[in-house]
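# Overview (structure and organization)
Now for the letters of each chain:
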Amino acid sequence: MTRRYSRITGTGSYLPPRRVTNNDLVAELALQGVETSDEWIVERTGIRARHFTAPDMGASDLAVPAAQAAMQAAGVQPADIDLIIVATSTPDMVFPSTAAIVQHKLGISGCPVFDVQAVCSGFVYALAVADALIANGTAHRALVIGAEVFSRLLDFKDRTTCVLFGDGAGAVVLEASDTPGILATDLHADGKHVDILCVPGHVSGGQILGDPLLKMDGQAVFKLAVGVLDKAARAVLAKAEMEASSIDWLIPHQANIRIMLSTARKLHLPPEKVVVTVQDHGNTSAASIPLALDHGVRAGQVKLGQTVLLEGVGGGFTWGAVLLKM
Ligand code: UT7
């Protein structure tokens, strides 16, 4: 029996219209007595701007246009979709899943839908799960979406975190195929690091208990990220029996240009082989990888037949990689 693979046949993305440059943010924060600068943000992270969602919009409102763009690129209709996975840590509601809301807004019914909550590794996790469900015949054509409104979680009195994140969504159509497609996936987590990146609040008795805003020990996350991203990259290459030299594009989670370039250096990949969008989007958590992938495809960088390494890392602590042929 021939093995069933999965292949990305279309990509899409969506950014909310409100673009906030570093200088816009510096001015807003100054009004609250919080001091930062464009120079600090650019030098330490590479971020120059991010997009923030209007108060009446949620993750599903960003996910739907991203999914529609991916379906258009793949040449498929909503009725052709038989699985929807949304990677998000900022769902519209506690439940049901954002995937269920997206399904309804797209006019689809009947197929399985669920959210994956692996923070900034969410898209890589969701893609690996969709790949497995396609490989075992459960699904034929999946929508895999990363959508986040991280602006809702930001403490605008904490300059060490509020300058880093933004909102957005990216999506792919992943279809069953006789040829790969996805070559290898590698997922990990280590819950002992929960405290270094978390939103500790929760809903109970109609109230939010604990702190509902994002907390991060940036240096601890930085150190862990650099190590685990390298391990995940080597793991997928080993599983696919390929060398790093065969990677055409590295598309890492877009959190910090220094982490991305360090990952590339360890794999002996030149910076020109890294798709970088962090300067325009900031860290959009689970949306960052599909946003960067769609940018790379639409900019004519990432082409059919090329080998791409996607890598995610984030709260949990979670990390993982997907090696694929476009
Ligand atoms: O999405 C999940 C993955 N997340 C990440 O990958 C984030 C990983 N971490 C990072 O990207 C970096 O650690 C940060 C960008 C968060 C911070 O960069 P850093 O080079 O590690 O800076 P730092 O925390 O060591 O802070 C250096 C200085 C401190 O001042 P002192 O103690 O040296 O006087 C901070 O108080 O920079 C100060 N600082 C700021 N100054 C101006 C921190 N935030 C700011 C700010 N503006 N926004």
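For the structure given in this document, a descriptive report is provided here. A quick note: this is a predicted structure, and the numbers were derived from the prediction, not measured.

### Here we look at the nonpolar core
Residues Val163, Ile247, Leu267, Leu309, Val313 and Phe317 are the most contacted members of the largest nonpolar core, which totals 46 residues. Only α1 (22-31), α7 (218-239), α8 (257-266), β14 (307-314) and β15 (318-325) provide two or more residues apiece to this core. Ranked by the residues each element gives to this core, the list is headed by α7, at nine residues. In this structure, this core is formed jointly by two domains, domain 1 (5-177) and domain 2 (182-325), each of which donates at least three residues. Here Ile247 is in contact with Leu237, Leu269, Lys273, Thr307, Leu309 and Leu323, once residues within four sequence places are set aside. Listed in part, the 33 residues of the second largest apolar core include Leu83, Ala142, Ile251 and Leu324.

### A few points about the site of the ligand
Every one of the 22 residues lining the ligand counts as a neighbour, but Thr36, Arg44, Gln219, Asn256 and Asn283 are closest to it. With respect to the ligand, the side chain of Arg44 contributes an N or O atom lying 2.8 Å from an oxygen atom. Summarising the interface, the protein chains cover 74% of the accessible area of the ligand, which totals 960 Å² for the free molecule. Every element with two or more residues in the shell around the ligand is listed here: α2 (38-45), α6 (159-162), α7 and α8. Tallying contributions element by element places α7 first for the shell around the ligand, with four residues.

### Remarks on the layout of surface pockets
By volume, the largest pocket is sized at about 870 Å³. Every residue lining the largest pocket is counted, 32 residues in all, and those nearest its centre are Ser89, Thr90, Pro91, Leu153 and Val199. Every element with two or more residues in the lining of the largest pocket is listed here: β5 (113-116), β9 (197-198) and β10 (202-204). For the lining of the largest pocket, the per-class residue count stands at 19 nonpolar, 10 polar and three charged.

Scoring rules and cut-offs
Residues numbered from 1 in each chain as written. Predicted model: local features only at pLDDT ≥ 70, side-chain atom pairs only at ≥ 80, totals over all residues. Heavy atoms only, no water. Core = buried A, V, L, I, M, F, W, Y, C linked by side-chain atoms within 4.5 Å. Buried < 20%, exposed > 50% of the residue type's maximum accessible area, 1.4 Å probe, protein only. Helix = DSSP H or I, 4+ residues; strand = E, 2+ residues; numbered from the N terminus. Domains from an automatic or database assignment. Contact = heavy atoms within 4.5 Å. Near = heavy atom within 4 Å. Polar contact = N/O pair within 3.5 Å; in protein donor to acceptor, adjacent residues only side chain to side chain. Areas by Shrake-Rupley, 256 points an atom, 1.4 Å probe, with all protein chains shown as cover. 1 Å grid on protein atoms, 1.4 Å probe; cavity = no way out; pocket = protein on both sides within 12 Å on 5 of 7 lines; lining within 4 Å. Points joined across faces, edges and corners; volume = space filled by probe spheres on them. Nonpolar A, V, L, I, M, F, W, Y, C, P; charged D, E, K, R; others polar.

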